[in-house]
Amino acid sequence: MTLIETRTLSKSYRGNLAVDAVDFDIAEGEVHALLGENGAGKSTLTKMIAGVVPPTSGEILLDGQPVAFDSPADALKQGIAMVFQETSLVPSMTVAQNLYLGDEKFLNRLRGVAISAQQFLQSLNFTVDPTATVATLGAAKRQMVEIARAVRLKARIIIFDEPTATLTPEEKRHFFALVRRLKERKVAVIFISHALEEALEISDRITVMRDGARVITDVTANFTRETIVRAMVGRTLAGSEASRKVAVRPAGDKVLSVQDLSMGAVVKNTSFSVFAGQITGLFGLVGSGRTETAKIVAGVMKRDFSRGGEVALDGQPVRYNTPRPAMRDGIVYVTEDRKLEGFFETMSIAENFYSGHLAAGQNKLPVVSRAEMTRLAESWSRALSIRAINPDARVVELSGGNQQKVVIGKGLVQRPRLVIFDEPTRGVDVAAIAEIHHLIEKLADDGLAVVVISSYLPEVLKLSDRILVCRQGRVVEEFSPLDASEERIMYASVH
Amino acid sequence: MWWDTLLDPFRGKAVTIPPMDGAFRPNTRLETAEAFVEVARPEALLVHEGRLLVASGTDLLAFPLEGGAPTPLHRFETAISALAGLPDGGLAVGLVAGEVRLVGGRFDGRVVTEVAGRRIHAPTALATTGEGILYIAVGSARYGADDWQSDLMAQGASGAVLRLDLIESDGRILADGLAWPAGLLVEPDRSLIVSEASRHRLVRITGDGRSKPQPVLSNLPGYPSRLARAAGGGAWLALMAPRNRLVELVLTERAYREDMVATIPRELWIAPQMSSGNSFLEPLQCGGVVTMGVRKPWAPGRSYGLIARLDDHLRPVASLHSRADGHRHGIRDMAEIGGVLFAASRGGNAVLEIETGAA
């Protein structure tokens, strides 16, 4: 019996269609895998089903009746729960307290809560100690608690967004056993994953999405790894062939060497090199550890304390605990989340550039020089073609493309030797994309070592002189853009 | 940060090896290359007077460059470890017995066992210049030229590079304390590029030997062996075995190493080899990882086939590989002529022929 169904469900953000008229359905006791590359619209579709975001058009039918959810709590009342990668449990509370959070009696006895949680968890066959503090649990057990909470609230549909990305193989086995038990209890499971083998193993049906639209839905037995990859990539080849590289820049000196770098379960023994005068493209799906690796190199994150591997800049081992020494050594990381980490939005363009100048320790005198600030702003605004209403405009008032140029400029004023761009054209208009691409190419032509992290395959193929593919926290394959294809890269990035 | 120096002892030493990426991006060009000739354990190559000379065990064979049956040139009492051609048509032949013999030409019959008081215990590479100068790389003062693994396991650094003026009979030690020098390349300015196998690097030695060896290419992903001048400028570098984390770990465990060396035959050590997978007694054949509940066999390779193409600044620009599942492993020497690179695969028992336009 069909539990939930969407009809021509669409969602657009500022005119950009994230989900385009998608028909989707799931039956009782079914495991339905939702696959697609980054930005395919999988998460947005499930968020609409779970009431996290409202749809722009189309309708959702629950048990054949149209429904509209105001919030996730509203959806949960109707039996739809979503489990995110980062669980929403309170780490300082026990498992039992988390299970009954928001549903406590007026006079609450911890022992009573623990006993009923114990009975409930046993009924699900979950081996979790109800008195354990959530902070002490591993990722899989936390997910168990999250699922138990959803089941306790009588969820009939549970949506998992990349549930296995951070799990160990042992934990994955527990998780799959758990999904099978949910299936036996007639719970419908929507499973978003980049792990094709997992999807092929556990699901009853698979839907592949691309560019916001549904490409194909069929029973799992009719799919193979190859057909899924083809459906995931299936862009018209003419477009990507036109922008295909015909020559690559030769490698200069080895600027960065990363060897066996590890950070928790996110970055696992990854090794790669970056050379001067080249653009090194880093492609990978969500959870592949690309951003985290770049952040460790730039001192934003820390590698494992013990046996965390080695990072060498120009052959010298370095360990940055904060970004400042990395900047001083000429490493610039241009963040993927510009609003949160990229700029000071209420400051002017000039002040933002000057903050980069200060951060790199290039200020000779311990005073702020207005003249220097103006000079920097003028030269870099011109170099980057930043279009603002006036020079004192606050960055928040600029368009996405110009904001991104400010973030890039803030890094470049530091006169770096290694620039890491993380999703440099995300949320940027087409004209600005071309300008940013041109700028990145020019940096490599000028002899800088450039790393471009991107989820958009045509961008990776167009810009890169070398393409590294990340999977499950490590670089697993290297391609030359001259002989790589989108399908080959995607094939290497899924597991 | 300054406190990292204090914390590092508690972090434990990271056993890391450089990745094979960039110019070392794996391919199968050695594995798919044509075999010029199949010959047992080729150790050294030399293009000499329009023929390709191949050192195979104790035999020195001459092959026509266009292919065909070999002519046996010479048979020595012990295995040949290095070859070099002299301008007058003679040959310098390094032998495992610890001597360099001069064959043919004006120095015919001369035997060199010592230079400037330094015994040539393990002649691993030879190079000559037009003025009758012979350069000799001595791998170790303790082990023979065919016993690099023992020197590596002992973490030896007793190798040297010697210079002998054959006309004046004047000898000099250019560099000492090297960790198994295995390849020599004479630069136009008469400085020498030396591959230091056990330290996985190339160093430059000045022609007069007065300054300390300067690293020019460090942290290679394998153990470098011979160097050969490339026709289009730059050089070819043979890497005779891959580095892997297990061997690096063994190199940090002295007691284990000593026990292994004392009780286990050399071919079965956890050490780099010229070929592997020949015996079920070899270690690391039963490795495995469990993925998705399925046991997948896996073991780090002890042998590999790898040649790097270096540019004029000795930076790697391309490479030729025979990967872990291949057989053309243990590349010891190369020679390029007429757009063809010949490579001696000791593990693969073959001399390979590669069109250099493709490399």
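Residue positions are given per chain, counted from 1 along the sequence in the order it is written. Going through the entries in the order they are written, you letter the chains from A and number the ligands from 1. Per-residue local features are limited, in this predicted model, to residues with pLDDT of at least 70; the limit for side-chain atom pairs, both in listing and counting, is 80 or more; totals at the level of whole chains, interfaces and linings are taken over all residues.

Another aspect to go through is the overall build of chain A. For the purposes of this entry, the term helix denotes a DSSP run of H or I that reaches at least four residues, the term strand denotes a run of E that reaches at least two, and both are numbered from the N terminus. Helix and strand counts for chain A come out as 18 helices and 20 strands. Here a residue counts as buried when 20 or more other C-beta atoms fall within 10 Å of its C-beta, as exposed when 12 or fewer do, and as partly exposed in between; the C-beta atoms come from the backbone. By the burial criterion, 49% of the 495 residues in chain A qualify as buried.

Across its full length, chain B holds four helices and 28 strands. The globule rule puts the C-alpha radius of gyration for 359 residues at 21 Å, and the 20 Å found for chain B is close to it. Residue burial in chain B is summarised as follows: out of 359 residues, 45% are buried. The quantity called the radius of gyration is restricted to C-alpha atoms. Its globule counterpart is 2.2 Å times the number of residues to the power 0.38.

This paragraph deals with helix H14 (residues 370–384) of chain A. All names here are of chain A. In a helix, the anticipated span is given by 1.5 Å times the number of residues less one. The end-to-end C-alpha distance of H14 is 21 Å, a good match for the 21 Å that 15 residues give at a rise of 1.5 Å each. Here H14 has its buried residues at Leu376, Ala377, Trp380, Ser381 and Leu384. In an axial view of H14, the angular spread of the buried residues amounts to 115°, which keeps them on one side of the axis. Counted as exposed and oriented over 90 degrees from the buried face of H14: Ala371 and Arg382. Ser385 sits one or two residues past H14 and shows a positive phi near 50°. Taking the helix axis as origin, the arc is that swept by the directions to the C-beta atoms.

What follows concerns the pairing of strand S5 (residues 71–75) of chain B. All names here are of chain B. Judged by how many residues are buried, S5 sits mostly at the surface: zero of five residues are covered. Note: two strands are recorded as paired if DSSP finds a minimum of 2 bridges between them. Sheet analysis places strand S4 (residues 59–64) next to S5, joined by four bridges and oriented antiparallel. Looking at S5, one finds that Leu61 is bridged to Pro72. Counted between consecutive antiparallel strands, the loop separating S4 from S5 contains six residues, among which Gly67 sits at a positive phi close to 95°.

All names here are of chain A. Angles run from 0 to 180 degrees between N-to-C directions of axes, and those axes are lines fitted to C-alpha atoms, restricted for helices to the stretch in contact. Packing of helix H13 (residues 349–359) against helix H15 (residues 400–412) brings their axes to within 7 Å, and their N-to-C directions diverge by 35°. Seen from above, H13 lies across H15 with right-handed handedness. In this structure, H13 uses Ile349, Asn352, Phe353, Ser355 and Gly356 to contact H15, whose residues at the interface are Val406, Gly409, Lys410 and Gly411. Any residue that is not Ala, Val, Leu, Ile, Met, Phe, Trp, Tyr, Cys, Pro, Asp, Glu, Lys or Arg is counted as polar, Gly included; the first ten are nonpolar and the last four charged. Its residues placed into classes, the contact of H13 with H15 shows three nonpolar, five polar and one charged. Left-handed describes a crossing in which the near helix is turned anticlockwise from the far one by less than a right angle; the clockwise case is right-handed. Contact definition: two residues whose C-beta atoms, as placed from backbone geometry, lie within 7 Å.

With that out of the way, let us pick up the nonpolar core. Ranked by size, the top nonpolar core spans 142 residues in total, and within it A:Ile157, A:Ile158, A:Val189, A:Phe191 and A:Ile420 carry the most contacts. The biggest single contributor to this core is helix H5 (residues 139–152) of chain A, with six residues. Residues in contact with A:Phe191, not counting those within four places in the same chain, are A:Val31, A:His32, A:Ala33, A:Leu34, A:Phe160, A:Ala199, A:Ile202 and A:Ser203. As used here, a nonpolar core is made of buried Ala, Val, Leu, Ile, Met, Phe, Trp, Tyr and Cys residues. They are joined through C-beta atoms within 7 Å. B:Leu126, B:Ala127, B:Ile136 and B:Trp236 belong to the second-largest nonpolar core, a separate cluster that totals 100 residues.

This part covers the interface of chain B and chain A. Chain B puts 20 residues into the contact, and the matching count from chain A is 23 residues. Mapped by element, the contributors of at least two residues to the side of chain B that touches chain A are helix H1 (2–11) and strand S22 (288–291) of chain B. The residue makeup of the side of chain B that touches chain A, split by class, is nine nonpolar, six polar and five charged.

Our focus in this paragraph is the pairing of strand S16 (residues 181–186) of chain B. Residues and elements named next belong to chain B. Counting buried residues in S16 gives five out of six residues, a clear majority hidden from the surface. Bridge count for S16 against strand S17 (residues 192–196) is five bridges, and the pairing is antiparallel. Within S17, the position partnered with Leu184 by the bridge is Val194.

Time to look at helix H1 (residues 42–49) of chain A. Residues and elements named next belong to chain A. When you tally the buried positions in H1, you get eight out of eight residues, the bulk of the element. Buried within H1 we find Lys42, Ser43, Thr44, Leu45, Thr46, Lys47, Met48 and Ile49. Immediately downstream of H1, the backbone of Gly51 shows phi near 75°, a positive value.

With that settled, the discussion passes to the confidence of the model for chain A. Residue-level confidence of the predictor, termed pLDDT, takes values from 0 up to 100. When pLDDT is averaged across chain A, the result is 85; 94% of the residues are at 70 or more. Across residues 236–242 of chain A, where pLDDT falls below 50, the model places five contacts with residues more than four positions away in sequence or in other chains.

Moving on, we come to unusual backbone geometry. Residue and element names in this part refer to chain A. For Thr8, which is not glycine, the phi torsion reads 40° and is therefore positive. Its location among the elements puts Thr8 in strand S1 (residues 2–13). Overall, Thr8 belongs to the exposed group, with 12 C-beta atoms counted inside 10 Å. With a phi close to 50°, Asp314 is a non-glycine residue in the positive phi region. By the secondary structure assignment, Asp314 is in the loop between strand S14 (310–313) and strand S15 (316–318).

Moving on, we come to the sheet that holds strand S13 (residues 133–138) of chain B. All names here are of chain B. Sheet architecture is open: four strands sit in the order S12-S13-S14-S15, paired in antiparallel fashion. Only two strands of the sheet have a single partner each, and these edge strands are strand S12 (123–129) and strand S15 (170–178). Between one strand axis and the next, the sheet turns through 15° on average, direction left out of account. Sheet analysis places S12 next to S13, joined by six bridges and oriented antiparallel. Bridge pairing links Thr128 to Leu134 in S13.

We now examine the sheet that holds strand S3 (residues 51–56) of chain B. Residues and elements named next belong to chain B. With antiparallel pairing, the four strands of this open sheet are ordered in space as S2-S3-S4-S5. Each edge of the open sheet is held by one strand with a lone partner, namely strand S2 (42–48) and S5. Here the strands of the sheet are splayed against their neighbours by 25° on average, with no regard to which way each runs.

Segmentation into domains, and thus their bounds, comes from an automatic or database assignment. We note that the domain assignment places domain 1 (2–234) and domain 2 (247–493) within chain A. The class makeup of the residues in the side of domain 1 of chain A that touches domain 2 of chain A is four nonpolar, five polar and three charged.

Now for the packing of helix H8 (residues 225–233) of chain A against helix H18 (residues 486–493) of chain A. All names here are of chain A. Where H8 contacts H18, the axes come no closer than 10 Å and their chain directions differ by 120°. The orientation of H8 with respect to H18, classified from their angle, is oblique. The two elements H8 and H18 cross, and the hand of that crossing is right-handed. Where H8 abuts H18, its residues Val229, Arg230, Met232 and Val233 lie against Glu486, Glu487, Met490 and Tyr491. Here the residues of the contact of H8 with H18 sort into five nonpolar, no polar and three charged. Roughly parallel covers angles under 35 degrees, roughly antiparallel covers those over 145, roughly perpendicular covers 65 to 115, and oblique covers all other angles.

Residue and element names in this part refer to chain B. Inspection of the secondary structure assignment puts Arg119 in strand S11 (residues 118–119). On the basis of neighbour count, Arg119 is assigned to the partly exposed category, with 13 C-beta atoms found within 10 Å. When sequence neighbours within four positions are dropped, the list of residues in contact with Arg119 reads Gly98, Thr113 and Glu114.

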